[in-house]
Amino acid sequence: MRKAVILFMLITLPLSAFMTVQQVFRNEQIQKQVQAVTQKQRSLFEKNKQMLTNIAILRSPGRIDELAKNTLHLKQLTDREMTFIRIHSGGEGE
């Protein structure tokens, strides 16, 4: 009986130590993956903030007005220069 206990301990102790080392190694790998994903998330968040800022700049009325005047050589029309067209629906009586 004593030999069986010693044999059991000789098998289970190294196996237990191996399993513990393997678990620690897997845990470190997972932590590295989580850190990489977290860094990627931060990077994408910052890029998204920059893109939203750029969109706001590109949509600004002052920028659009300047482009219209200086690049496209457009001018704002006065009421006298505008032509208004009225379209009546083809209802009864016409």
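In this text, all values refer to a predicted model and were calculated from it rather than measured experimentally.

1. Here's the deal with the overall build of the protein
Line of reasoning, step 1. What the protein contains, in helices and strands, is two helices and zero strands.
Line of reasoning, step 2. A compact globule built from 94 residues should have a C-alpha radius of gyration of about 12 Å, whereas the protein, at 37 Å, is more than 25% larger.
Line of reasoning, step 3. Out of the 94 residues in the protein, the part that is buried amounts to 1%.
Line of reasoning, step 4. Considering the protein, the positive charge centre built from 14 side chains and the negative charge centre built from 8 side chains are found 25 Å apart.

2. Notes on unusual backbone geometry
Glycine aside, the phi torsion of most residues is negative, and most peptide linkages are trans.
Line of reasoning, step 1. Despite not being glycine, H73 shows a phi value in the positive range, around 55°.
Line of reasoning, step 2. Checked against the element boundaries, H73 lands in the segment after α2 (61-71).
Line of reasoning, step 3. Judged by relative accessible area, which is 66%, H73 ranks as exposed.

3. Some words on a nonpolar patch on the surface
Line of reasoning, step 1. Residues V5, F8, M9 and L13 make up a contiguous nonpolar surface patch of roughly 410 Å² in combined accessible area.
Line of reasoning, step 2. By the element assignment, V5 lies in helix α1 (residues 2-58).
Line of reasoning, step 3. Judged by relative accessible area, V5 falls into the partly exposed class, the value being 41%.

4. Comments concerning the pattern of salt bridges
Line of reasoning, step 1. Applying the stated rule across the entire model yields three salt bridges.
Line of reasoning, step 2. Across the salt bridge formed by E46 and K49, the nearest N and O atoms sit 3.5 Å from each other. One end of the pair, E46, and the other, K49, are both in helix α1, three residues apart, so they sit about a helical turn from each other.
Line of reasoning, step 3. A salt bridge links K69 to D65; the shortest N-O distance between them is 3.2 Å. One end of the pair, K69, and the other, D65, are both in helix α2, four residues apart, so they sit about a helical turn from each other.
Line of reasoning, step 4. Taking relative accessible area as the criterion, K69 reaches 49% and is therefore assigned partly exposed.

5. A short note on the environment of T38
Line of reasoning, step 1. Take T38: it is sitting in helix α1.
Line of reasoning, step 2. Residue T38 is classed as partly exposed on the basis of its relative accessible area, which comes to 27%.
Line of reasoning, step 3. A polar side-chain atom of T38 sits 2.8 Å from the main-chain carbonyl oxygen of V34.

6. Examining the environment of L77
Line of reasoning, step 1. For L77, the location among the structural elements is in the segment after α2.
Line of reasoning, step 2. Judged by its relative accessible area of 42%, L77 is partly exposed.
Line of reasoning, step 3. Once the C-alpha coordinates of L77 and F25 are considered, the two residues, 52 residues apart in sequence, prove to be 73 Å apart.

Cut-offs and rules
- Residues numbered from 1 in each chain as written.
- Predicted model: local features only at pLDDT ≥ 70, side-chain atom pairs only at ≥ 80, totals over all residues.
- Heavy atoms only, no water.
- Helix = DSSP H or I, 4+ residues; strand = E, 2+ residues; numbered from the N terminus.
- Rg over C-alpha atoms; globule rule 2.2 N^0.38 Å.
- Buried < 20%, exposed > 50% of the residue type's maximum accessible area, 1.4 Å probe, protein only.
- Lys, Arg positive; Asp, Glu negative; His and termini not counted.
- Charge placed at Lys NZ, Arg CZ, Asp CG, Glu CD.
- Patch = residues over 30% accessible without salt bridge, like charges linked within 9 Å, V, L, I, M, F, W, Y side chains within 5 Å.
- Areas by Shrake-Rupley, 256 points an atom, 1.4 Å probe, with all protein chains shown as cover.
- Salt bridge = Lys/Arg side-chain N within 4 Å of Asp/Glu carboxyl O.
- Polar contact = N/O pair within 3.5 Å; in protein donor to acceptor, adjacent residues only side chain to side chain.

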